[in-house]
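Listed below are the residues making up each chain.
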Amino acid sequence: MESIINEFLDLVKQRNGNEPEFLQAVEEVAETVIPYIVKHDIYYKKNILLRMVEPERVVTFRVCWVDDTGEIQVNRGYRIQMNSAIGPYKGGLRFHPTVNMSILKFLAFEQVFKNSLTTLPMGGGKGGSDFDPKGKSDNEIMRFCHAFMSELFRHIGHNTDVPAGDIGVGAREIGFLFGMYKKISNGFTGVLTGKGMSWGGSLIRPEATGYGTVYFAENMLNTRNDSIEGKNVVISGSGNVAQYAAEKVIQLGGKVLTLSDSSGYIYDADGIDLDKLRFVMHLKNVKRERINEYLNKYANAKYIKGKTPWEIKCDIALPCATQNELNENDADTLLKNGCICVSEGANMPSTKGAIEAFHKAKILFAPGKASNAGGVATSGLEMTQNSLRFNWTREEVDLKLKEIMSNIHDSCIDYGKEEDGYIDYVKGANIAGFVKVADAMLAQGIV
Ligand code: NDP
Ligand code: 2IT
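Residues numbered from 1 in each chain as written. Chains lettered and ligands numbered in written order. Predicted model: local features only at pLDDT ≥ 70, side-chain atom pairs only at ≥ 80, totals over all residues. Heavy atoms only, no water.

K.L.:
Help me understand the overall build of the chain in this model?
P.N.:
Scanning the chain from N- to C-terminus turns up 16 helices and 12 strands. Relative to the 2.2 N^0.38 estimate, which gives 22 Å for 447 residues, the radius of gyration of the chain is 21 Å and therefore close to what a compact globule would have. Once the C-alpha set of the chain is aligned to its principal axes, its extents read approximately 60 × 50 × 45 Å. Across the 447 residues of the chain, 56% fall into the buried class. Considering only residue pairs separated by 6 or more positions, the chain has 71% of its internal contacts joining residues 24 or more positions apart. Summed over all atoms, the accessible surface of the chain reaches about 18400 Å², with 49% contributed by carbon and sulfur. Side chains of the chain give 51 positive and 55 negative charges; the mean places of these two sets differ by 3 Å. (Helix = DSSP H or I, 4+ residues; strand = E, 2+ residues; numbered from the N terminus. Rg over C-alpha atoms; globule rule 2.2 N^0.38 Å. Buried < 20%, exposed > 50% of the residue type's maximum accessible area, 1.4 Å probe, protein only. Contact = heavy atoms within 4.5 Å. Areas by Shrake-Rupley, 256 points an atom, 1.4 Å probe, with all protein chains shown as cover. Lys, Arg positive; Asp, Glu negative; His and termini not counted. Charge placed at Lys NZ, Arg CZ, Asp CG, Glu CD.)

Below is the structure:
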């Protein structure tokens, strides 16, 4: 078995040698899915995984815009259309200086499996730009988004490819992107998700990724007759996913001890309650300031510069910032401090070594493609509402989100439960996500 996996990975490495994050994502899938393929004649020797690691289409383009000083700026735009076997390409746009082909291909590849797990008809894609939104004025953000969409528009469409937000792309950016798409396509369609409530958005979409990550943690804890109530929870990030993960933890009776950004983390031993969280939301979403400003209002908290929060003793860890933000040493520290559950809100936040440590210790560990799928699932619900030209209530969407997270959890058990009863959620998510896409690809022939 090992030689079949290595042979496959060698080939992928040859073709994508300078894309470490993409190779990391493929390796994690190959190690769990290839043994399944080999045991199932319908998938064996069809090169399905080899087809899945090759994007159906990659678009890169120039984005020129003028900054507030009158200088002409040039950025690079991307859209990876990874797989459309089960529906239109679907996945977020990331605006961050670290964006490159490797990052977007890993995200697009993960998205294919994640979207399949949601049970909704969505293929996988991802895009973005190396544009850095930090420190830019609202007018600069608008000009950049308009310039970006003035090229992206010809590659997307509500039945072709439906982008959404990710790091650096929130409600403000989706508004500007939608405005330009609508103008140049001369049509009002649900071509983007994460839209404002008065122009086609869905209630609960802003909350969905963070809420879903916590619902998934609750589902995992329930398998051990446990729950979030009364637990100490460490969260990284302070953006969209982290904020709403924190909100749901607090609502379910857990205590949130930390939040972070790329400069450091805050530790509030008294717990970040809903009032304090409102302050953080205003700080990050309206004032667009750094997380250390928290201390100006809550002086009892600590700010630890340049570090990640995994050194704080906790029962549950929710990594909600970025890829590879939790390594093997962090995992060892969490385990030593008694952590029993890790639910990933970010995409691929745990390194391979960290995941191995969690599995070895047999704690509850959910990979992002399962636990953060609530965001894209609710994007799928936004698409449905757009097609129906109808809006569901907050309660209706939240109930559907809960059901979807619980279904994803069940799928992970179906494909990931081991003989001793331990649930390998990585294996479960990878195989369950693979089966649906592979079946569709087989049915549609070699295209
Ligand atoms: P936001 O831009 O709202 O927030 C990102 C947060 O992560 C910020 O606190 C940011 O800090 C921090 N961060 C970003 N890059 C780094 C880095 N290199 N090192 C440390 N911290 C970093 O993004 P989201 O909350 O939307 O996304 C967070 C994660 O969740 C990403 O992995 C994303 O792919 C994933 N995700 C998002 C979904 C969504 O619906 N938005 C859905 C599913 C997954 P700073 O301000 O300093 O950059
Ligand atoms: O990683 C993700 O799933 C997202 N950024 C959300 C994608 C979406 O289409 O809502």
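K.L.:
Explain the sheet that holds strand β5 (residues 161-164) here, please?
P.N.:
Strands in a sheet are paired, the pairing made by backbone hydrogen bonds, and the direction either parallel or antiparallel. Taking strand neighbours across the sheet as the criterion, the five strands line up as β1-β2-β4-β3-β5 in an open arrangement whose pairing is mixed. Among the strands making up the open sheet, the edge pair consists of β1 (57-66) and β5. Across the sheet, the mean angle from the axis of one strand to that of its neighbour is 20°, orientation sign disregarded. Across 10 bridges, the pairing between β1 and strand β2 (residues 72-83) is antiparallel. When the bridges of β2 are listed, C64 appears paired with V74. (Pairing = 2+ DSSP bridges. Axes fitted to C-alpha atoms, helices over the stretch in contact; angles between N-to-C directions.)

K.L.:
Hey, could you run me through the site of ligand 1 in this one?
P.N.:
Of all residues adjacent to ligand 1, which total 25 residues, the nearest are D166, T209, S262, R290 and N347. One of the backbone N or O atoms of S238 is found 3.0 Å from an oxygen atom in ligand 1. Isolated, ligand 1 exposes 890 Å² of accessible area, and the fraction of that covered by the protein chains is 84%. Of all elements in the fold, only α7 (205-222), α8 (240-251) and β7 (255-261) reach the threshold of two or more residues within the shell around ligand 1. A breakdown of the residues in the shell around ligand 1 according to their chemical character gives five nonpolar, 13 polar and seven charged. (Near = heavy atom within 4 Å. Polar contact = N/O pair within 3.5 Å; in protein donor to acceptor, adjacent residues only side chain to side chain. Nonpolar A, V, L, I, M, F, W, Y, C, P; charged D, E, K, R; others polar.)

K.L.:
I'm lost on the nonpolar core in this one. Help?
P.N.:
Grouped burial of nonpolar side chains is what soluble globular proteins tend to show. Membership of the largest hydrophobic core comes to 57 residues, with the highest contact counts inside it found for F216, I235, L259, L318 and I408. A total of eight residues in this core trace back to one element, the largest contributor, which is α7. Aside from chain neighbours lying at most four places away, what touches F216 is S343, A366, A370, S371, M405, I408, H409, C412 and Y425. By size, the runner-up hydrophobic cluster in this structure holds 42 residues, among which are F8, A30, M52 and I86. (Core = buried A, V, L, I, M, F, W, Y, C linked by side-chain atoms within 4.5 Å.)

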